[in-house]
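An overview of the molecular structure
Listed below, chain by chain, are the residues.
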Amino acid sequence: MGTVVDATPAVVAEEVTENMLGGKKVTVVFVLGGPGSGKGTQCANIVEHFGFTHLSAGDLLRAEIKSGSENGTMIENMIKEGKIVPSEVTIKLLQEAMIKNENDKFLIDGFPRNKENRAAFENVTKISPAFVLFFDCSEGEMERRLLGRNQGRVDDNIETIKKRFKTFVESSLPVIEHYNSRNKVKKIDAAKPIPEVFEDVKAIFAPYSPKHFQMDL
C-alpha cells in the first residue's frame, strides 16, 4: 500500500446519478483500522477542519441497542461475541443517517467490516467511496489503548478485544486489499502521537480544505 508521503491527493468521488438516498449526491470516505487504532479521534479532527459528517457504524449500532428494540438486542448479543452485525442492519442505519443529514460529505467509520458488507453497501446504496482511509497500527498498541480507555463498553475486555483483532484481520483486511487494488486506499501510520497522525491526515484531505481566501474577499 502507498504511504502518506507518496499518496496522491484525494479526488472528489464521481457523481452518482441514482442512489438510494433519494438521488442526493454524496462523497463518502470509508475509515478503517483495527479496534483502538484512533479512527474516532481523527474523524473528529476531520469533521472540525474539513466539514465532513462523521458516521460511526459502531455508534449507530450502539444507539440501536440503547433504544431497547428487538433489533438492538440481537445487535448487542453479536457484539459481545465479537461477531459482525448483518449488512442489511448496518446499511439501513447508515442510509437513514445520510438522508437525514443536510451535509453531502461523509466519513463512514468502521464499515464495511467484510467483503459482504462492502458488496452489499455498493449494491444497495449505489455509492462507491472516494477512497478508504486506513489507520495502520500494531495489535500490541491497539490493545494497550483499548484496555486503558475505560469507557465502560461491553467490548472493552481482553477476551472480546482478542476476538475483535481476529475478526479485523480475517474479515476487514480483505476489504482494504480490494480497494487498494483499485488505488483507493490512503494508509496512515496510526501508531504515532495523535498530532502527528493528524498532520498525515491533513495531507490527504487537503483537496477538501475550506477556501479561506474567499472569506477574506
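Residues numbered from 1 in each chain as written. Predicted model: local features only at pLDDT ≥ 70, side-chain atom pairs only at ≥ 80, totals over all residues. Heavy atoms only, no water.

By the naming in an unreviewed UniProt entry, the protein chain goes by UMP-CMP kinase and is assigned to Miscanthus lutarioriparius. The heading Subunit (unreviewed entry) in the UniProt record of the protein chain holds the text "Monomer." (UniProt positions renumbered as here; feature names shortened; annotations may be inferred.)

A few words on the UniProt feature "binding site: a ribonucleoside 5'-phosphate" (unreviewed entry) in the protein chain. UniProt tags Arg62, Lys83, Ile84, Val85, Gly110, Phe111, Pro112, Arg113, Arg153 and Arg164 as "binding site: a ribonucleoside 5'-phosphate" (unreviewed entry). Here Lys83 shows up in the loop between helix H3 (70–80) and helix H4 (87–100). (Helix = DSSP H or I, 4+ residues; strand = E, 2+ residues; numbered from the N terminus.)

So, on to the pattern of salt bridges. The full count for this structure, using the stated rule, is 10 salt bridges. A salt bridge links Glu199 to Lys202, with the nearest nitrogen and oxygen atoms 3.0 Å apart. Highlighted residues: Glu199 and Lys202, both in helix H8 (residues 194–205), separated by three residues, approximately one helical turn. The partly exposed category is assigned to Glu199, whose relative accessible area is 46%. Here the residues in one salt-bridge network are Glu141, Arg144 and Arg145, joined through shared partners. (Salt bridge = Lys/Arg side-chain N within 4 Å of Asp/Glu carboxyl O. Buried < 20%, exposed > 50% of the residue type's maximum accessible area, 1.4 Å probe, protein only.)

Per the UniProt entry, the sites bearing "binding site: CMP" (unreviewed entry) are Asn117 in this numbering. Positionally, Asn117 belongs in helix H5 (residues 115–125). Discounting residues that sit within four places of it in the chain, Asn117 has contacts with Ile84, Val85, Ser87, Ile91, Phe111 and Pro112. In this structure the side chain of Asn117 is engaged in a polar contact, spanning 2.6 Å, whose partner is the side chain of Ser87. (Contact = heavy atoms within 4.5 Å. Polar contact = N/O pair within 3.5 Å; in protein donor to acceptor, adjacent residues only side chain to side chain.)

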